[in-house]
Amino acid sequence: MISQTLLDDVIRQAEQGELGESLLASLRAAHPGVHFTCCMDDDIVVNAKPVAERPGFNVYLVNSSDHCSVLSNDLGSASGIVLAEIIED
């Protein structure tokens with residue numbers, strides 16, 4: 001489960017810095033048990049809906065309760081957060 005408070009904190013941290021390994025390491029240390037991933041937004045499936053959109057990145061939730069991880073918009077079933085960088089053309 002991802003709380004709204006945790007999601008807001010992650011978004012705030014991502015807005016303050018650069019998406020990448022340093023941010024992921026900081027987030028993982030602060031929130032053990034939550035999976036964090038960075039990728040490019042165009043790597044996300046076309047019809048996925050972000051739970052938050054910010055300048056430069058979108059935020060998606062991941063549900064890993066079954067064998068395969070899937071994107072979700074349900075905070076209650078989410079086990080991870082994806083920060084997907086947007087690069088303007």
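Sequence positions are assigned chain by chain, starting from 1 and proceeding in written order. For this predicted model, a pLDDT threshold of at least 70 governs which residues receive local features, and a threshold of 80 or more governs which side-chain atom pairs are given and counted, while totals over whole chains, interfaces and linings are taken from all residues. Side-chain metrics rest on all non-hydrogen atoms present in the structure, leaving aside hydrogens and water.

What follows concerns the overall build of the chain. Assigned secondary structure in the chain consists of 2 helices and 5 strands. Secondary structure elements are taken from DSSP: a helix is a run of H or I of four residues or more, a strand is a run of E of two residues or more, and numbering for both begins at the N terminus. The helix and strand sequence of the chain, counted from the amino end, reads α-α-β-β-β-β-β. Computed over the C-alpha atoms, the radius of gyration of the chain is 12 Å, within 12% of the 12 Å expected from 2.2 N^0.38 for a compact globule of 89 residues. Structurally, the chain occupies a C-alpha span of about 35 × 30 × 20 Å along its principal axes. Each residue is placed in one exposure class: buried if its accessible area under a 1.4 Å probe, protein chains only, is under 20% of its type's maximum, exposed if it is over 50%, and partly exposed if it falls in between. Residues classed as buried in the chain amount to 35% of the 89 residues present. By definition, residues are in contact when any of their heavy atoms lie within 4.5 Å. By sequence separation, contacts in the chain at least 24 residues apart represent 55% of the contacts at least 6 residues apart. The protein chains shown are the only cover counted for residues, whose accessible areas, like all others here, come from Shrake-Rupley with a 1.4 Å probe. When the accessible surface of the chain is totalled, it reaches about 5600 Å², and 50% of it is carbon and sulfur. One finds the centroid of the 4 positive side-chain charges in the chain at a distance of 7 Å from the centroid of its 14 negative side-chain charges. The globule rule used for comparison is 2.2 Å times the number of residues to the exponent 0.38, while the radius of gyration itself is calculated over C-alpha atoms. None of His or the chain ends enter the tally, which takes Lys and Arg as positive and Asp and Glu as negative. To locate a charge, take NZ of a lysine, CZ of an arginine, CG of an aspartate or CD of a glutamate.

Within the largest apolar cluster, 19 residues are counted, with the highest numbers of intra-cluster contacts made by Val59, Ile81 and Leu83. Of all elements in the fold, only helix H1 (4-16), helix H2 (21-30), strand S3 (57-63) and strand S5 (80-85) reach the threshold of two or more residues within this core. A total of 5 residues in this core trace back to one element, the largest contributor, which is H1. Apart from the residues lying within four places of it in its own chain, the contact partners of Leu83 are Val10, Ala14, Leu19, Leu23, Leu27, Thr37, Cys38, Cys39, Phe57, Asn58 and Val59. Counting 5 residues, the second largest nonpolar core, distinct from the first, contains Ile44, Tyr60, Val62 and Val82. Residues belong to one nonpolar core when they are buried, are Ala, Val, Leu, Ile, Met, Phe, Trp, Tyr or Cys, and are joined through side-chain atoms within 4.5 Å.

Sheet faces and side chains relate simply in a regular strand, where the side chains alternate between the two faces. Of all 7 residues in S3, 7 are buried, a share of seventy percent or more. Because side chains alternate across S3, one face comprises the buried residues Phe57, Val59, Leu61 and Asn63, and the other comprises Asn58, Tyr60 and Val62, equally buried. If DSSP finds at least two bridges between two strands, the strands pair. Bridge analysis of strand S2 (residues 52-54) against S3 gives 3 bridges, and the strand direction is antiparallel. Considered in S3, the bridge of Ala52 is made with Val59. The hairpin turn running from S2 into S3, its antiparallel successor, is 2 residues long, and Gly56 in that turn takes a positive phi close to 95°. Sheet analysis places S3 next to S5, joined by 6 bridges and oriented antiparallel. When the sheet's bridge partners are listed, Leu61 is paired in S5 with Ile81. For S3 and strand S4 (residues 70-72), the ladder comprises 3 bridges, and the chain directions are antiparallel. Paired with Asn63 across the two strands is Val70, which belongs to S4. Linking S3 back to S4 in an antiparallel pair, the connection comprises 6 residues.

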